[in-house]
Amino acid sequence: MAEFFNIPKIPYEGRNSQNPLAFKFYNPDEVIDGKKMREHLKFALSWWHTMCGDGTDMFGVGTEDKRWGGSEPMEIARNKAYAAFEIMDKLSVDYYCFHDRDIAPEADKLKETNARLDEISDLLKELMDKSGKKLLWGTANCFNNPRYMHGAGTAPNADVFAFAAAQIKKALELTVKLGGNGYVFWGGREGYETLLNTNLGLEQDNMARLMKMAVEYARSIGFKGDFYIEPKPKEPTKHQYDFDTATVLGFLRKYDLLNDFKMNIEANHATLAGHTFQHELRVARENGVFGSIDANQGDMLLGWDTDQFPTNIYDATLCMYEVLKAGGFTHGGLNFDSKARRGSFTHEDIFHSYIAGMDTFALGLRMADKLIKDGRIDKFVEDRYSSWNSGIGADIISGRAKMEDLEKYVLEKGDVLSSVSSGRQEMLESVLNNVLFSD
Ligand code: XUL
Ligand code: CO
């Protein structure tokens, strides 16, 4: 197969390199805290943005040709696969993620669509065997086709639900066939525009029914990995049911799905929910549902899901801090659910974009490791809560102290203001800067 990109394999040249086609911080086989960078980070290519997205937006047609030299749809699909593996090889990206409809175009009938998927997944398997690249997770696109205009699992119409189930069944089979250890439910159009036409209770019950069916079927065909829900508060619907991690946790608990589901946290979705990326990761980690990450960033002035390649070192550092504190990824990884801007329309921009994103997270990993080893912030937090380790604090935690005991305690003390100490926010922000910018 002829090469698609006249670009060499991207080398690691270190922080002082000025070569735009070199990594400055991502050195895949370098060991950080006992593990290779590539194992810490588990970067994945997103098939939809990288192989399919051509820059089309609400105001204009595409700016980048993503036909990869093909002329009919299946030829384009095959060429996408070859081009994707060339990108992954040249960028040292070890994983990829896809929606069923990204890898093969939908035909008029489901049977034909599935035959197309069989053909392309055979090709993917062959390319994976040759290259050692892996599937991080699979998913089904149940939001693009007009049949899903009112939702898929939460559609008001049972036929649409049935179609979504059939589509997801096939996507699960593909995920298992390609050895994927993750399956994502991002709630495409699972939400509502107005409660005037919506049975919210039935819609959410049905979503849980679909997820339970998916778990049962996937386990029956040998899927051992994790299911993920990817929270997002809005877009495309006004109110997406999977609003944020806390909301999804409530859903998983209500429907008894916690054994099989974890979170796939996307940075830009956190922003849309009015949270920091770190907040979403922390809530997931503290509740034992940290799973995987969609790495990107939004634009604070825009307020929609711009899916930009991440370049914010603070966010990446605090993200990798959470990942390290969670003990690293198990089945998850860092999927670049990111696209080059519409004006960055050349194939070379794909490489610049990934290099920017990968270097940002590689530096984030290095800085998170430094932050943890520095220990000042962790120590501060530990000390801040030290009153829970003994005395009245320990009595409250153990359940020994009742309300009457607490009343007696403060009556004797008189007041507690003298026990309160400063939160030292600015000092800690300065510690973070010190860790980032000192040698
Ligand atoms: C949409 C989004 C999706 C999911 C996969 O905002 O993030 O691409 O990651 O369906
Ligand atoms: Co995403």
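Look up a bit, the structure's there.
Residues numbered from 1 in each chain as written. Chains lettered and ligands numbered in written order. Predicted model: local features only at pLDDT ≥ 70, side-chain atom pairs only at ≥ 80, totals over all residues. Heavy atoms only, no water.

So, the site of ligand 1
Stage number 1. Around ligand 1, the neighbouring residues are Trp48, His99, Trp186, Glu230, Lys232, Glu266, His269, Asp294, Asp305 and Asp337.
Stage number 2. Between Asp294 and ligand 1, the recorded distance is 2.9 Å, taken from a side-chain N or O atom to an oxygen atom.
Stage number 3. Against a free-state accessible area of 290 Å², the protein chains account for coverage of 94% of ligand 1.
Stage number 4. In terms of residue class, the shell around ligand 1 is built from 2 nonpolar, 2 polar and 6 charged. (Near = heavy atom within 4 Å. Polar contact = N/O pair within 3.5 Å; in protein donor to acceptor, adjacent residues only side chain to side chain. Areas by Shrake-Rupley, 256 points an atom, 1.4 Å probe, with all protein chains shown as cover. Nonpolar A, V, L, I, M, F, W, Y, C, P; charged D, E, K, R; others polar.)

Digging into the packing of aromatic side chains
Stage number 1. A complete count under the given rule lists 24 aromatic pairs for this structure.
Stage number 2. Ring plane angle 50° and centroid distance 6.5 Å describe the contact between Phe4 and Phe5, whose orientation is recorded as tilted.
Stage number 3. Residue Phe5 is classed as buried on the basis of its relative accessible area of 3%.
Stage number 4. Both rings, one in Phe23 and one in Tyr26, keep their centres 5.4 Å apart while their planes meet at 90°; by these two values the pair is edge-to-face. The same class applies to Phe23 and to Tyr26, which are both buried.
Stage number 5. By way of ring pairs, the aromatic residues Phe23, Tyr26, Phe43, Phe309, Phe336 and Tyr354 are connected into one cluster. (Phe/Tyr/Trp six-rings, centres within 6.5 Å; stacked < 30°, edge-to-face > 60°. Buried < 20%, exposed > 50% of the residue type's maximum accessible area, 1.4 Å probe, protein only.)

Details of the coordination of the cobalt ion (ligand 2)
Stage number 1. Binding of the cobalt ion (ligand 2) to the protein goes through Glu230 (OE), Glu266 (OE), Asp294 (OD) and Asp337 (OD), at separations of 1.9 to 2.1 Å.
Stage number 2. Of note is the cobalt ion (ligand 2), whose 6 donor atoms meet at the metal with angles of 80 to 171° in an arrangement that counts as octahedral.
Stage number 3. Between consecutive donor residues of the cobalt ion (ligand 2), the sequence gaps follow E-x35-E-x27-D-x42-D. Taken together, the residues Glu230 in strand S8 (residues 226–230) and Asp294 in strand S11 (residues 290–294) connect sequence positions 64 residues apart. (Donors = N, O, S within 2.8 Å, 3.2 Å for Na, K, Ca; no water. Tetrahedral: all angles 85-135°; square planar, octahedral: opposite > 155°, others 65-115°. Helix = DSSP H or I, 4+ residues; strand = E, 2+ residues; numbered from the N terminus.)

A few points about unusual backbone geometry
Stage number 1. At the junction of Glu235 and Pro236, the peptide bond is cis and its omega measures out at 5° in the coordinates.
Stage number 2. The topology assignment puts Pro236 in the loop between S8 and strand S9 (239–240).
Stage number 3. Within the chain, Asp256 stands out as a residue other than glycine whose phi angle is a positive 55°.
Stage number 4. On the secondary structure map, Asp256 appears in the loop between helix H8 (245–254) and strand S10 (261–266).
Stage number 5. Take Asp256: its relative accessible area is 62%, and that puts it in the exposed class.

Such coordinate-based values are descriptive only and should not be taken to indicate function.
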